[in-house]
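# Understanding the architecture of this molecule
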Amino acid sequence: MRAFFILLARNRLALAGGVVLALVVTLALVTPLLPLANPDVTDTSNRFRPIFSEGALLGTDHLGRDLLSRLLWGTRLSLAVGFAAAIFAASIGAAIGIIAGFYGGRTDNVIMRGVDMLMAFPYILLALAIVAALGPGLFNALIAVSAVNVPFFARNIRGITVGIAHKEFVDAARLAGLSNTRIILSEILPNVVPVIVIAMSTTIGWMILETAGLSFLGLGSQPPQADLGSMLGEARSALITNPHTSVVPGVMILVIVMSINLLGDGVRDALDPRLKSGALTRPMAATLVDRQGPVPEPTGKGLLEVQGLKTEFHVKDRIYRAVGGVDLHVEKGECLGIIGESGSGKSVTALSLMGLVASPPGVITAGAAHYDGEDLIGAPYPRLRDMRGRNVAYIFQDPLATLHPLYRVGDQLIEAIRAHRPISRAEGRAKAVELLEAVRIPNPEQRVSDYPHEMSGGMRQRIGIAMALANDPDIIIADEPTTALDVTVQAQVLTILDDLRRSRGLAIVFITHDFGVVAQLCDRVAVMYAGRIVEEGTTAEILDFPRHPYTARLMACVPELGGGKRRLEAIPGLPPVVDRLPPGCAFAERCLKARPDCRKGEIPLEPLGRRRIRCLYPEDESREVAQ
Ligand code: ADP
Ligand code: MG
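The structure reproduced in this document is the subject of the present report. On a predicted model such as this, the values are computed, not experimentally measured, just so you know. (Residues numbered from 1 in each chain as written. Chains lettered and ligands numbered in written order. Predicted model: local features only at pLDDT ≥ 70, side-chain atom pairs only at ≥ 80, totals over all residues. Heavy atoms only, no water.)

### Some thoughts on the environment of I111
- Its location among the elements puts I111 in helix α4 (residues 105-120).
- Each C-alpha atom, one on I111 and one on G101, is 9.8 Å from the other, the two residues being ten residues apart in sequence.
- If we skip the residues at most four places from it in the chain, I111 touches I96, I99 and A100. (Helix = DSSP H or I, 4+ residues; strand = E, 2+ residues; numbered from the N terminus. Contact = heavy atoms within 4.5 Å.)

### With respect to the site of ligand 1
- Around ligand 1, the surrounding shell consists of F313, A322, E341, S342, G343, S344, G345, K346, S347, V348, P361 and V578.
- Between ligand 1 and G343, the relevant distance is 2.6 Å, taken from an oxygen atom to a main-chain nitrogen or oxygen of the residue.
- Within the contact set of ligand 1, an oxygen atom lies 2.6 Å away from a side-chain nitrogen or oxygen of S347.
- Here ligand 1 loses 67% of its free accessible area of 560 Å² to cover by the protein chains.
- Of the residues forming the shell around ligand 1, the biggest block, three residues, is contributed by helix α12 (residues 346-353).
- Considering only residue class, the shell around ligand 1 consists of five nonpolar, five polar and two charged. (Near = heavy atom within 4 Å. Polar contact = N/O pair within 3.5 Å; in protein donor to acceptor, adjacent residues only side chain to side chain. Areas by Shrake-Rupley, 256 points an atom, 1.4 Å probe, with all protein chains shown as cover. Nonpolar A, V, L, I, M, F, W, Y, C, P; charged D, E, K, R; others polar.)

### Re the packing of aromatic side chains
- Enumeration over the complete set of coordinates arrives at seven aromatic pairs.
- Relative to F396, the ring of Y394 lies with its centre 5.7 Å away and its plane at 0°, an arrangement referred to as stacked.
- Exposure remark for F396: the relative accessible area of 31% places this residue in the partly exposed category.
- With a centroid separation of 5.1 Å and an interplanar angle of 65°, the aromatic rings of Y550 and F587 are classed as edge-to-face. Of this pair, Y550 sits in helix α22 (residues 549-556) while F587 sits in the loop between α22 and β12 (606-608), and the two are 37 residues apart along the sequence. Taken as a pair, Y550 and F587 share a single burial class, namely buried.
- Through a chain of ring-to-ring contacts, the aromatic side chains of Y529, Y550 and F587 assemble into a single cluster. (Phe/Tyr/Trp six-rings, centres within 6.5 Å; stacked < 30°, edge-to-face > 60°. Buried < 20%, exposed > 50% of the residue type's maximum accessible area, 1.4 Å probe, protein only.)

This is the structure we're talking about:
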């Protein structure tokens, strides 16, 4: 509950709406205590006195009645009727919706068709008809406005209830022997109340307007009783000659409905957990680039050369430095492994290259990624889109999440090709079969018309690889493609990737947290920690003699087959939170060899033999892997 109010207060507009509404409601509540003129006493000698007249702050109307007094009494009445109508409509509508949704079947059918019939009338016409039948009067207007809004609540709540009524916890309550009434009250109702509140908060404004509309037409409050709608209606004939008589109630209606709507939107946002994470904000087409310093010049090393890449997430007043200056390169036909604990920034590095990090909150603040001499980081979006999939392709961890569940895999492959060049159906199909063959899917002619759910996990991942191959890219970035697979399937997938690399001269950037996979596939490996590369060199060298204490400790965590009995080490402590990185070495906190100067300044990634390492006191080459 506290969290709800904090969230609500953070939304400035909702807060403003809330404050204004609270003010109006307080005014309406204390109206009987204020020293106001009687709102209904006419004084025709003082007709149409202007605003700020002596004794009538807001002037008088066509019968000489005090407008301020009428306004406050009228607001009181309009608010009361609006809120009452909303509560009426919400309770009756919710009750109908819950019963229809919970019992389902014929009950649902009969009730909902009735509701549909009500909804088929234009609602103002329906309200007019109800008032005409019941006779004019404020209470009848209230009934009419509630009645026309009941279907809206009934439909909304029924939909939610249908979803909840078949959940396991409701079945559990049934198995526990609870009666239907108890189940509705204790299991269903608490789950729909937030929806009712949201629907109400966004419709009260409407109901106040509708009631005012009926009063305006003379069907609501009857003279001399003032409500905002009837005040407007009576002022209509003097709209040109004495506009203030219309403006006074008009502005009040505007203020009330505006503040209720702003507050209502705020309530809805605060109650909807999906909005808290900003999940509904639409990211930009390409990651925002905001480079302050100079852009590094390419040195011509490799097909893809990344220099000083920094990617940050700006969330409210916090800055998460997910990638803090990464340098790496990959040659044609080479496989580069990037290894590191979860959260070390591997995925963000990979996604930054093609501008795939969601912005907001992601921002690339420094560095360059030269592909064949062209800087990808500053590239305009159309160019990036053109290169995505055609020059640099991605394979992700979960193929089920990346494949469309409703299309056949063959069509999805063709679609991937069509994104870059026109291709006829027959030609596309032939190419799709060829791709499936390349990733060694048996019976490709039949399999091409399978749906993703008809395939096993390993096969789906091979489809993922086929899709990455569809446009003959030069570089494939594979982000933990085998993490979700079992070991034998993983081995098959790795073999396929290795063969493709050799036969097509593909460069592969392989992201993983598994040294076994690195050993099997990669020529070179870069070890990442807290958003930076801490050690980089050939796989053989690094796996034989890890020299950065972090690499050494990481490898000591891996069990060895036939390595005899030894205690498996876990690295104590946790990786640092990337919005509060310590100065100096980020690993110092967990490192046994750390000395005071490790925690001081920036430690560069420096050559050491044939590798590069970011450490002041590297492990001795002669020593065995850290114990
Ligand atoms: P991994 O090495 O496991 O692939 P990631 O590259 O996904 O790690 O994440 C690196 C860091 O970036 C993590 O600390 C993560 O919390 C942070 N991060 C990733 N996405 C976001 C985001 N949208 N907002 C804030 N922080 C993020
Ligand atoms: Mg990742």
